[in-house]
Every structure is written in C-alpha cells, then in structure tokens.
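Each chain, letter by letter, is given below.
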Amino acid sequence: MKKKFVLICTGIVFFLNACSKDDTPSSAILATPVANPATEITDASFKAKWNFVSSAQNYLLDVSLSPDFTDFVTNYNAKSVNDLNDIVMNLTGGTQYYYRVRAARGTEVSNYSNVISVITSGTFVNPDTPLKVKAANNFFVGAAVSSSRLSGAYNTLITTEFSSITAENEMKMESIFTGPGTYNWTQADAIVDYAVANNINVHGHALVWHGSVPSWMNSYTGTDAEFEQLVHDYITAVVTRYVGKVTSWDVVNEAINDGGGTRNTIFLQKMGANYIAKCFQWAREADPNVLLFYNDYNTSTDISKQNDVYALIDNLKANNVPIDGVGLQMHIKYDSPTKQELQTDVDKVLARNLKLHFSELDVRANSNDSQVLNTLTPERKSAQKMKYREVVEVYNAIPTTYKYAITVWGIKDNESWILNQFNRVDWPLLFDNSFNRKVTHTGFLEGLE
C-alpha cells in the first residue's frame, strides 16, 4: 500500500512539474484561424476580424484586390497584427477587396484562413463593364490601332470596349504621301472603312508632324513656295477623302519644343512662322464641319512649354484661325503629373472655350531609369491603376460641352510603343498580352463614377 501511495504521489508531482514548465508544448501545431465578416465599412476603410488561436503570438493579415491574392493592397502582404482585428486604411470607395489571415508563433505559421470578401461603401464598379458602355453619351473612348490588328481578338476587344479609333501611324504623312501628287491610301482606307462598318468614330492623326515626314520631302530641292504647295495639296487631299468619315483631325502635332520655343522643323524652315495657321486654314477649307485640334505632350509638367503652347493657341484664336480643340497627350507616369498639375493644364484649355481631347493615354510603370522593374509589383500596379483613375476623374468632371474623347494609345501591353522607345519592359495599357482586362481598366471605370 505504501508503495502504491509513493507511486501516485510521484506521478502527481511529475504531472504538476510538466504543466508548470509549459502549458502548451512547443511542438503543438498552430490552429488555422477563422476570418469573420468585415465591420465598420466606409469609403476608404474597413475592420478585418478573426477568431482567437490558442498560443498564437501574432497574426499575419493579407488584403488584396483579387481573390487569388496576386494583387496585394500596399502594406497588407502578411502584415503583422497583435490583435484580433485591424483597420484596413487608404482604400478606394465602391471597390471589392479580399482578406485572409494566418496565426504565427515565432517562425511557425498556420495555414491560411477562409477568405472574406468586402466592398467598400460608395458605388461599386463592375470590372467587366466595357469602357464605352460606362462613358456612353458622355464622350468617346478611343484606342490607337493599326490596319493589321483589326480582326480576331482585336476586333472583339475594339468593338466591345471602344467607341472611337485612331491610326497610330498609318494616317500620318510618311505613310500616305508617297511623292508629289501621289498617295497610298491602302492602310488608311482599311482603318476608316473598318470604323464605318462598325459604327465607330475616327479621330485623324496627324496631318503635319515633324516626326513623320517622307524622305523625299526632307530632301526636296524645289522652292519654298513649291514645298508649301505640296503641303497644301496633301492636307486638302487627305481631309477631303475622309469628309463625313473622320470627325476630327490633329492638324499640327508637337510644334513646341521641350522647354519652350517653336520647334525648328522643315515646315517652319520652308513655310515660315505662319505655317501652323496655314495648315489649320487649309484643313477647314477641305472640310467645313470637321473638328480641328492642336496636339502636344508634357504640357502639364513642362511649364515653359505649357506657356508657349497656350501662347500659340491664343495667337491662332486672335487671328481667327479655325481651331476647335486641344489634344493633351497623356504619355504619363504612375507618379506624374500630379492631379493638380493636370487640372491646371485642363483649366487653361477650358478658359479658351475649346474642346479637350485626352489623347495618347498610357501610364508607364517604369518611369525612373535608376529603378527599373523587371516585373510589375503589386504596389506599382496599384499606383498605376490610381493614376488611370485620377486622369479619367479629371476629364469626366469637365463640362460636357468641352468633352470630346479619351484615347488610349494602344491595345495590349506588349505592343506599346513604349517598349521600343525606352528599350525596357513596361505594362502601360488596359489589357495584358492575352487581351485580358487589367486593374488599370478598373481604374478607368472608377474614374467615370
């Protein structure tokens, strides 16, 4: 009996000692937490919540724009949280988010919890909405195209998403003007005929641009008067051919230098300082009803250039030169221009009572030569999306009478002019290499709210 008593006491002491050392053995596997529906939902935040996991020291919270968590919200990729909830901040209104959580203890991490979907307050944007549907009866949504990319998946995407098209290169002088009095209409006709057949608007680009002068014109040996007559005849022939089919033209493109001053082009050299006014007048004579635009880039951030662009426009208007609108090229970066810089530029167009075209829109994700991305990070993707939204918001807010179009400069990322221009990878457009909508497309839609 005594031996049994000793054994029982020894067992009790052993059990008590074991419990006193560690209530939970270190080898225990962390349980998977259960995520609960979000609460305190606002336009810009919500509270993510989850259940307690015994022995967890902290929790790792993921918040994403996609249900497969390939697109994390900034600062919410395994964010460490020491509580059973977290206020997720700096979000977009009317947007769908997803969150999940893991328990953690030292280097040990549990499996992922269930995924919770939450939509921030505000108007929810269906990411599958075609752009032209969202902007219907407000302004044209356009894309730059080429005659070789109008069938198959291109045709499906163009006719679904866009109400306007622009020839990226094939309606420029170098493509059409083959010699004095001779023209190659094949590619331009294909684009215009496609638009007419599909009830799509055509914005013509561009009648006069120093970057697309045929080689025979650059080496032309005739008199300046004869050169001017060639330009007159060219503008007349092109605009006349597409009367009633092309509703607007960039008459002169990029006539002002970076940093200001009139660009020293062959047109300036041979036709004189008044060449721009002449080109606009000839275009109006060829088509009394077509809208005539001046088009240029970097006017939101290059203030000297901006000043000279509007001085040029003021001079045209003061001399009763027919001009209907301004194209502000939106070849921009994920972090520039700022919304205020863009708004200031826009206000200068509106103050002159002219229509506004946000032309050539693309947003570079790789904008800094010292920080080149080889892959598109979630943070940069989010910033790029927000820049698209910002641009469209600014445009959408202007009075209807001044609206014309927003034209995206291309269809798919891998076909953008930016890749060759900067000799590096980028993802500047609304559709990926397989024609799939990207989050930038959603950003565009959000800007239309």
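A quick note: this is a predicted structure, and the numbers were derived from the prediction, not measured. (Residues numbered from 1 in each chain as written. Predicted model: local features only at pLDDT ≥ 70, side-chain atom pairs only at ≥ 80, totals over all residues. Heavy atoms only, no water.)

A. Quick look at the overall build of the protein chain. A count of helical and extended segments in the protein chain gives 14 helices and 19 strands. With the C-alpha coordinates of the protein chain rotated into their principal frame, the extents come out at 130 × 40 × 40 Å. Once local pairs closer than 6 in sequence are excluded, the contacts in the protein chain between residues at least 24 apart make up 74%. Of the roughly 20,000 Å² of accessible surface on the protein chain, 50% is carried by carbon and sulfur atoms. The distance from the centre of the 38 positive side-chain charges to the centre of the 47 negative ones in the protein chain is 10 Å. (Helix = DSSP H or I, 4+ residues; strand = E, 2+ residues; numbered from the N terminus. Contact = heavy atoms within 4.5 Å. Areas by Shrake-Rupley, 256 points an atom, 1.4 Å probe, with all protein chains shown as cover. Lys, Arg positive; Asp, Glu negative; His and termini not counted. Charge placed at Lys NZ, Arg CZ, Asp CG, Glu CD.)

B. Region of interest: the nonpolar core. Among the nonpolar cores identified, the biggest contains 101 residues, and Phe358 and Phe444 are the most heavily contacted of them. Of the residues forming this core, the biggest block, eight residues, is contributed by helix α9 (residues 275–286). With residues up to four places along the chain from it excluded, the contact list for Phe444 reads Leu131, Val141, Leu361, Tyr388, Val392, Ile406, Val408 and Leu430. Among the nonpolar cores identified, the runner-up in size contains 22 residues, and Ala38, Val53, Ala56 and Val81 belong to it. (Core = buried A, V, L, I, M, F, W, Y, C linked by side-chain atoms within 4.5 Å. Buried < 20%, exposed > 50% of the residue type's maximum accessible area, 1.4 Å probe, protein only.)

C. Expanded view of the pattern of salt bridges. In this structure the tally under the stated criterion is 22 salt bridges. Linking Lys47 and Glu40 is a salt bridge whose minimum nitrogen-to-oxygen distance equals 3.1 Å. Given a relative accessible area of 17%, Lys47 falls into the buried group. The network of salt bridges with common partners includes Lys339, Lys385, Arg389, Glu393 and Glu446. (Salt bridge = Lys/Arg side-chain N within 4 Å of Asp/Glu carboxyl O.)

D. Seen up close, helix α7 (residues 224–241). Taking 1.5 Å of rise per residue, 18 residues should cover 26 Å, and α7 covers 26 Å from first to last C-alpha, within 8% of that figure. Restricting attention to buried positions, one finds in α7 the residues Phe227, Leu230, Val231, Tyr234, Ile235, Val238 and Val239. The buried residues of α7 occupy an angular sector of 145 degrees when projected down its axis, which confines them to one face. (Expected span 1.5 Å × (residues − 1). Arc of directions from axis to C-beta.)

E. Seen up close, the confidence of the model for the protein chain. Counting all residues, the mean pLDDT for the protein chain is 92, and 94% of those residues have values of 70 or more. Note that pLDDT drops below 50 for residues 1–27; the model gives that stretch three contacts with residues more than four away or on any other chain. (pLDDT = per-residue confidence, 0-100.)

F. Main features of the pairing of strand β17 (residues 325–333). A large share of β17 lies buried, amounting to eight of its nine residues. Here five bridges tie strand β16 (residues 291–297) to β17, and the two strands are oriented parallel to one another. By the bridge assignment for β17, Asp296 is matched with Leu328. Since β16 and β17 lie parallel, the crossover through helix α10 (residues 303–318) that links them has a hand, and here it is right-handed. Both β17 and strand β18 (residues 355–364) contribute to a ladder of eight bridges, which runs parallel. Looking across to β18, one finds that Gly327 is bridged to His357. (Pairing = 2+ DSSP bridges. Right-handed = clockwise from strand over helix to strand, strands pointing away.)

G. Structural detail: the side chain of Arg364. Note on placement: Arg364 falls in strand β18. For the buried Arg364, no salt bridge is present, and the opposite-charge side chain at shortest range is Asp426, 5.5 Å distant. Not counting the four nearest positions on each side in its chain, Arg364 is found in contact with Ile332, Lys333, Tyr334, Gln384, Ile418, Phe422, Asp426 and Pro428.

H. Representation of the sheet that holds strand β1 (residues 35–39) within the structure. Overall, antiparallel pairing links the three strands, which are arranged β1-β2-β5 in an open sheet. Both outer strands of the open sheet, β1 and β5 (85–88), are each paired with one neighbouring strand and no more. Taken pair by pair, the neighbouring strands of this sheet meet at an average axis angle of 20 degrees, ignoring direction. By the bridge criterion, four bridges tie strand β2 (residues 46–50) to β5 in an arrangement that is antiparallel. For Lys49, the partnering residue across the bridge sits in β5 and is Asn85. (Axes fitted to C-alpha atoms, helices over the stretch in contact; angles between N-to-C directions.)

I. The packing of aromatic side chains, seen in detail. For the structure shown, the criterion picks out 20 aromatic pairs. An angle of 25 degrees between the planes, with centres 5.6 Å apart, marks the rings of Phe46 and Tyr99 as stacked. In this pair, Phe46 is assigned in strand β2 and Tyr99 in strand β6 (residues 96–105), connecting sequence segments 53 residues apart. Of the two residues, Phe46 and Tyr99, both sit in the buried class. Relative to Tyr404, the ring of Phe293 has its centre 5.3 Å away and its plane inclined at 40 degrees; by these criteria the two rings are tilted. Taken as a pair, Phe293 in strand β16 and Tyr404 in strand β19 (residues 403–408) lie far apart in primary sequence, 111 residues in all. Overall, Tyr404 belongs to the buried group, its relative accessible area being 5%. One residue, Arg100, lies across the ring of Tyr112, its end atom 3.8 Å from the ring centre. (Phe/Tyr/Trp six-rings, centres within 6.5 Å; stacked < 30°, edge-to-face > 60°. Lys NZ or Arg CZ within 6 Å of the ring centre and 35° of its normal.)

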